[in-house]
Every structure is written in structure tokens, then in C-alpha cells.
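For reference, the chains in residue letters:
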2 protein chains.
Amino acid sequence: MTTTTLPSKPARIEFWFDFASNYSYLSAMRIEEATRRLGIELAWRPFLLGPIFSAQGWSNSPFVLQKAKGDHVWRDMARQCAKHGLPWRRPSVFPRASVLPARIALLGSEQAWIGDFCRAVMTRNFALDEDINDPESVHAVLHGLGLPADQVIAEALSEAHQGRLRAQTQAAMDRGVFGAPTFFVGHEMFWGNDRLDDALAWCAQP
Amino acid sequence: MTTTTLPSKPARIEFWFDFASNYSYLSAMRIEEATRRLGIELAWRPFLLGPIFSAQGWSNSPFVLQKAKGDHVWRDMARQCAKHGLPWRRPSVFPRASVLPARIALLGSEQAWIGDFCRAVMTRNFALDEDINDPESVHAVLHGLGLPADQVIAEALSEAHQGRLRAQTQAAMDRGVFGAPTFFVGHEMFWGNDRLDDALAWCAQP
């Protein structure tokens, strides 16, 4: 008697992030390399933290609202970036508006350039201390990737694409996302860059 | 010409914790073994999170106030305990009152029994789901360690010891502590059980 084994679905991790989120930066810079190495499928899921914080009754990032926590976070970021070998400059504006790059990341989430685009925007925010929401800035990033920047931006701003980011953010909230980054492996939710390795390890479970 | 090297001070880590804090449980169970192995001096620093949360305008733990975060934290704890090989049962009361064991830990923070006491109280809270503030519960813990329980409890409740825990909590706030566990290596502050290994590694720096 032979046993028929169905081919198992490749493991898959969803990476929910906001370009304004500093801990999302830490994950964004290494998740693609890690998932490739481990043979895990990666789904980029840009969303906006703002509406989620608002729904919790917060007018801003907790790193701004809670002074002691904010003081710690910037020191922590310097240490974490040193540990992971990532460039770091504390943003002079925090949190930065991130709607336009989020719209573009949503538009391109299934495209080959998504990883490079996300890392480039994150690098602008957290290593170069540059605006990331200005159309010129986004244009420069897209152009640097060899993409038709005007066309991509026009599509991201089109009526057809309106509402998709809002829907994505609502989907995050509906699934219990309360901060970023957040990872899903199936229904299993992991919050924070500190859980990236655990989430990747979870993918290896049968 | 010879170079005179002063004997270097042994590395030292301060562990600020609350017996009510579930992430403090994770650290409390392994920090003594880790510091012994690494030759690092360990200072136990019990304090109360309640007044620190109050000062931030919170009436309770953020894990209670923020439903989505609370839902995640209990799932996270189950995974973290499995990862570290620690027993875990979600407390039916959270956060538990922890004033009495905190007073006793403060009284005994320089004693040989401090580690065993802290682990026993934490185990009651997070593995056995038992009250930790009841004098009978504390008595049983002290008695189980072969200590003169009545005498220790009386001393912890004495007028001379009154105010020390309040002062310790104020000292935490003054140093920027906003959650637990928090670690200090000199002036370097690390928040959260997820930073315990980083804090220990920091001790090895010249």
C-alpha cells in the first residue's frame, strides 16, 4: 500500500507595515533576504497606522505621546540598527506622512520591484532623514528603480486605486492589527520586529 | 615602561520588574542562571508598575485597556513560554496585586534567597494561577524556602520598611522606566524581555 502525500503549500508570511514605522524599517530591510533563504513566500502588506491609532483614541504615535517611551525608542533604534548592520539617522520628522508610498507599495505589492521600492523608501526615512510622501521624492525612488515613475504615480493617485489603501487598513484592523510591523502565518499573528524570527520559524511547522 | 591597568569593575545588570508583569516573568525565570554563566553581577529591583501607568494617565495595564493588544499578548505568552521551556497558564486575574511580594523582594534583594523567592512568586502567578498578594500565599512561599516566614512578613509590613517600595518606584520613574521588565547596564536602559539578551551582551562591552 502506498501513501499519497499531497504537495504541501509553500509556507507564507504576510508582512504588514507602515513606512512611517521605525520598527517596520528593521523588518523591511531584512525580511526578503530571510524568506528567500528559507524558501518562504513573502506577501508585502502596506497599511496606515494612523487610523488604527485613532481608533484606539490616540492622536499620534505612542512614541510621541509617551515621552519616556519615546526617549527609549530612539536609543533602542540606534542599538538595533548597529546590531543588524543597518544605517540609521533619527528622523527629524516623526511619524512622517506615508500615504503616497503606501499607495504605490499596494499597487506594486505583487511586482518584482516591491522589495527594492520598500527598502528605498524606508532608507530615505530612517537613514537619510528625507521626506517620503512628497511626489518628487517618490518619483526619484521609482526612477532610481528604472520604473516609469510618472505612470506609476498617476496610477497610484487614480480614482480606481482610491479606497484600496483604506480598505487594506480596515482589513488590518479587522484582523486585530494594533501596531507595526505585524506578521501573519496563516491565522497566527506576531507583533513587532522582535517577533520576525519567531514568525519565520513558525513557517517551518507542519 | 609598564602600563598599569586598574582592575575593571565586574559587569552589573539591574533587573527592574513587577510580579504582576507577565513579560517580567519571562526574564525572572532565566536571568539569574544567565548572569551566573556570564559572570555578571545581578541586582534585583522590584517596583510597582501601577503608579507608573497612573502617571501616564492609564487606569490599568495597556494589555487590559487595549483589547487587540491584550488578545495578542496572551497568545504571545503561550508561544514565548513554549520557546523558553517555561510553564504557563493565563492568569484568571490580571494584573494581580503585587505589593506584598514586592515589599518582601525589596527587603531581601541582597539576600541569597532573592532569586528563588522571585521565581516562586512568578510561578504562582503565571504557571499556577494563584494569588500572590495574600499573606498566606506569601507565607507559603517563604516557608517553602526554609525562611522564618512570620518574621520576614512582619518586617516587610513594619513602619521602618514602609515607604521604601514607594521610593523605589519613584526612582524607577525618575530614571525613565515606563514598563517592565527594564534593565540597566550603567546608564544604558533596555526595555522588555526581548532586550534581556542585548542587555547581557552590553555588559561584555569594555
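Look a little higher up for the structure.
A short tour of the structure in this document, coming up. Predicted model, so just to flag it, every value in this text is computed and none were measured. (Residues numbered from 1 in each chain as written. Chains lettered and ligands numbered in written order. Predicted model: local features only at pLDDT ≥ 70, side-chain atom pairs only at ≥ 80, totals over all residues. Heavy atoms only, no water.)

**Some points on the interface of chain A and chain B**
Bring the parts together and some accessible area is lost; that lost area is often taken as the interface size.
Stage number 1. If you look at the interface, chain A gives 22 residues, while chain B gives 22 residues.
Stage number 2. Between chain A and chain B, a total of about 2,000 Å² is buried, with carbon and sulfur atoms accounting for 47% of that surface.
Stage number 3. The largest share of the area that chain A buries against chain B comes from His-72, Arg-79 and Arg-195 of chain A, three residues that together contribute 27% of it.
Stage number 4. Remark: the boundary between chain A and chain B carries ten salt bridges.
Stage number 5. The salt bridge involving Arg-75 of chain B is made with Glu-188 of chain A; its shortest N-O contact spans 2.6 Å.
Stage number 6. Our count for the contact surface shared by chain A and chain B stands at 18 residue pairs in polar contact (both at pLDDT 80 or more). (Contact = heavy atoms within 4.5 Å. Buried area = accessible area lost by both parts, 1.4 Å probe. Salt bridge = Lys/Arg side-chain N within 4 Å of Asp/Glu carboxyl O. Polar contact = N/O pair within 3.5 Å; in protein donor to acceptor, adjacent residues only side chain to side chain.)

**Topic: the state of the cysteines**
Stage number 1. A complete count under the given rule lists zero disulfides over all chains for this structure.
Stage number 2. Here Cys-203 of chain A stays unpaired: no disulfide links it, and the sulfur of Cys-118 of chain A, its closest cysteine neighbor, is 18 Å away.
Stage number 3. As a non-bridged cysteine, Cys-81 of chain B has Cys-118 of chain B as the owner of its nearest cysteine sulfur, 17 Å distant.
Stage number 4. For Cys-81 of chain B, a relative accessible area of 1% puts it in the buried group. (Disulfide = S-S within 2.5 Å. Buried < 20%, exposed > 50% of the residue type's maximum accessible area, 1.4 Å probe, protein only.)

**Considering the pattern of salt bridges**
If the charged atoms of two oppositely charged side chains come close together, the side chains can form a pair.
Stage number 1. Counted by the stated rule, this structure contains 36 salt bridges over all chains.
Stage number 2. Its salt-bridge partner being Glu-41 of chain A, residue Arg-12 of chain A comes within 3.0 Å of it at the nearest N-O pair. On the criterion of sequence distance, the pair formed by Arg-12 of chain A in strand E1 (residues 12–17) and Glu-41 of chain A in strand E2 (residues 41–46) is long-range, its members being 29 residues apart.
Stage number 3. Residue Arg-12 of chain A is classed as partly exposed on the basis of its relative accessible area of 32%.
Stage number 4. In this structure, Arg-37 of chain B and Glu-33 of chain B form a salt bridge, with 3.3 Å as the shortest nitrogen-oxygen distance. With Arg-37 of chain B and Glu-33 of chain B both in helix H2 (residues 31–38) and four residues apart, the pair spans about one turn of that helix.
Stage number 5. Overall, the relative accessible area of 48% leaves Glu-33 of chain B in the partly exposed class.
Stage number 6. Salt bridges sharing common partners tie together Arg-75, Asp-76, Arg-79 and Asp-194 of chain A together with Glu-188 and Arg-195 of chain B. (Helix = DSSP H or I, 4+ residues; strand = E, 2+ residues; numbered from the N terminus.)

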